[in-house]
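# Survey of secondary and tertiary structure
Listed here are the chains, written in short residue letters.
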Amino acid sequence: MMISHVSSTSETPRANYTNMAAFECLRDIRLEYDARKVAHSISEYSTYQRICKTMAGEELSRAYTFGNDPKRHGEYAEASPCESASLPQNRLEPILVRYATQNGFRTRFDTKFLNFTQNEETDRVESVIEDLITGQKSMVSSKYLCGADGAGSRIVQELQLPLHNLPGGGLSINLLIEADMSHLMKTSPGLLHILIRPDKPQPYFGLLGIARFIKPWTEWVIVLIAHPTITKIEASVTEIMDRVQELIGDNSIEVKLKNMSIWKTNECYAEQYSKGRVHCLGDAVHRHPPHNGLGSNTCIQDAFNLAWKMAYVLKGRADPSLLSTYNEERQPIGRYIVGRANDTARLHLSLYKVLGLLDPDIERKQQIYAQFEEDSPEGDQRRNAFRKAIRDLEEERHGLGGEMNQWYKSAAVYRDDETDEPQIPATEHERTLHHIESTYPGYRVPHAWLSRRTKRVGPRPVMVSTRDLCGHGRFTIFTGIGGKPMWASAAAQASEETGVEIEVYGIGWGQDYEDTFFSWFDKRCVEEKGAVFIRPDRTVAWRCKTPPVDEKACGDKLMLVLTRVLGFKKRWGNEDSADSTINGHVNGWENGPGPKETSISS
């Protein structure tokens, strides 16, 4: 059962930039096509990030964004089978809700969550909810409770999760407007337009504006950034809209206000995501400004990580301890993105200082902008400071690593066979900019385009990504020439005993899929008959660099790894070993996975 206190899906755009990692989650449940029908590609519509005096006025700088830089395009193309896009939340939510209601979720809007208790005797969570239309209260008994209830999360408060909460930044005003600016965008398609209007007095409620399109080029969100010292917005709607018109800089453009909201910059993350049978995710546990576009993308990946684990536990195919790895894997990611977004916000503040935006003296501002064209030491200094401030923001514009480099370290990843740590860039700056492609356990399986001879469009083979072959709720093994018979036998044995579906694909000449670009060969880091074992969330669970000596050893090793990844303490099949069977069951597991699914009640 999914409940929300509001009456419908989001009416305003909210989140906008949807990155490759989030699209891969949608692709896994076959929603990418539906999502792209209502999205706009970054390559076509969001080429630049600009700083200009007004939307119609002089431009001070423009920089490529999110793979549009010719120097970075190839790296973005190599990172994923998906492309990033502008996909506002109010267009994505209906797609997700429709899918949920058609796949077993009971969805209730106008329903308020009041409180919960964890009943240790029944191992259930008892939640009190209220129908906001009738006023009727009821109690829902569930096996688990997931709190995805936003930055003011009631569930986080009731659960008393410890929060690392630093003093927040300033206030901002979000303005959703209709304004046809098509004639201004013919040569300047941008994801973000930073608008400074230095020739006008800058009101404290809106020192500058940041514009981003929602519908090219007629619907926009303009964010007014208030002075850092402001604690309350007291300006009238008329004053605010006059400032918007100034920042657009073309009085012939008619502007219609559709929605206005005020928000405060947060720097807060939960130090723990779960307690007992309650798990929290999304903005409930990581709260930060929108810089780097990491917010909703991280929320989606939180859910993707938790979903397969909960499904396996509910179906009796994993031990409940598997759910503890959700916190171990996702909390470090939330901590990182909160820091990353706020560090970028601080870099923006440095840029604003270089531009004199915090200086209330308009004459002083005019002198600062005159220095950009001056042949003088002061002019050199100002231009160099500006260039540095722009280049320092490269991690926001091309932070591919920050989007894609999640490395999970938990009990759901088997690293016992690894003798070294993964090879990664030495500095955080490089790790933020560049994607790490690795089959080291805990990383997402590398993307490589493969072909299949039996499927062609004309003379050309149909291409499929390695990431398309795995996921979809099942485990997967990739092996090479000569490896499939052994690994398929091991997988069949494991599946028969546990009920866990394991697909096995041979990759190479004459195999299930052919590596015609040699891309998978370059990335796999295992021998031909070795294997890469991948979890349902397309994370490498384990890799076998050198194949076992025979089929029995192969089967035993796979069962050992699967046992550990699914949270069981002892290995099936050998009562005397350190990883022995669970009470020696022959055709199944006691307190362990089995082919029979348990019922799921809400």
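Residues numbered from 1 in each chain as written. Predicted model: local features only at pLDDT ≥ 70, side-chain atom pairs only at ≥ 80, totals over all residues. Heavy atoms only, no water.

## Things to note about the packing of aromatic side chains
Scanning all chains against the criterion turns up 22 aromatic pairs. Measuring from ring centre to ring centre gives 5.8 Å for Trp 407 and Tyr 440, while their planes differ by 80 degrees; the resulting arrangement is edge-to-face. Of this pair, Trp 407 sits in the loop between helix H13 (400-404) and helix H14 (428-433) while Tyr 440 sits in the loop between H14 and strand S22 (449-457), and the two are 33 residues apart along the sequence. By relative accessible area, which is 17% here, Trp 407 ends up buried. Under the relative-accessibility criterion, Tyr 440 is labelled buried at 3%. (Phe/Tyr/Trp six-rings, centres within 6.5 Å; stacked < 30°, edge-to-face > 60°. Helix = DSSP H or I, 4+ residues; strand = E, 2+ residues; numbered from the N terminus. Buried < 20%, exposed > 50% of the residue type's maximum accessible area, 1.4 Å probe, protein only.)

## As for the UniProt feature "domain: FAD-binding" (unreviewed entry) in the protein chain
Mapped onto this numbering, the UniProt entry annotates "domain: FAD-binding" (unreviewed entry) at residues 1-339. The distance from the first to the last C-alpha atom of residues 1-339 is 33 Å, and the span holds 27% helix and 29% strand. (UniProt positions renumbered as here; feature names shortened; annotations may be inferred.)

## Regarding the nonpolar core
Here is a general trend for soluble globular proteins: nonpolar side chains tend to be buried in one another's company. In terms of nonpolar packing, the biggest core is built from 52 residues, with Phe 475, Ile 477, Trp 487, Ile 502, Phe 533 and Leu 558 touching the most fellow members. Sort the elements by how many residues they give to this core and helix H18 (residues 551-565) lands first, with seven residues. When residues of this core are sorted by domain, at least three fall in each of domain 2 (272-397) and domain 3 (443-566). Those residues in contact with Ile 502 that sit more than four places away from it in its chain are Phe 475, Ile 477, Ala 491, Ala 494, Ser 495, Phe 533, Leu 558 and Leu 562. Within the second largest apolar cluster, 33 residues are counted, among which are Ile 196, Leu 207, Phe 372 and Leu 393. (Core = buried A, V, L, I, M, F, W, Y, C linked by side-chain atoms within 4.5 Å. Domains from an automatic or database assignment. Contact = heavy atoms within 4.5 Å.)

## Some thoughts on the sheet that holds strand S27 (residues 540-544)
Read from one edge of the open sheet, four strands run S25-S24-S26-S27, paired in mixed fashion. Looking along the sheet, the strands with just one partner apiece sit at the ends: strand S25 (502-506) and S27. Each strand axis lies, on average, 15 degrees off the axis of its neighbour in the sheet, ignoring direction. As judged from the four bridges shared by strand S24 (residues 475-479) and strand S26 (residues 531-534), these two strands associate in the antiparallel manner. Its bridge partner lying in S26, Thr 479 is registered against Ala 531. The strands touched by helix H16 (residues 484-498) are S24, S25, S26 and S27; relative to S25, the strand with the most contacts, the crossing angle is about 175 degrees. (Pairing = 2+ DSSP bridges. Axes fitted to C-alpha atoms, helices over the stretch in contact; angles between N-to-C directions.)

## Topic: the pattern of salt bridges
All chains considered together, the criterion is met by 37 salt bridges. Among the salt bridges present, the one from Glu 59 reaches Arg 50, with a minimum N-O distance of 2.7 Å. Looking at Arg 50, the relative accessible area reads 3%, which means it is buried. The salt bridge partner of Lys 258 is Glu 178, with a shortest N-O separation of 3.5 Å. (Salt bridge = Lys/Arg side-chain N within 4 Å of Asp/Glu carboxyl O.)

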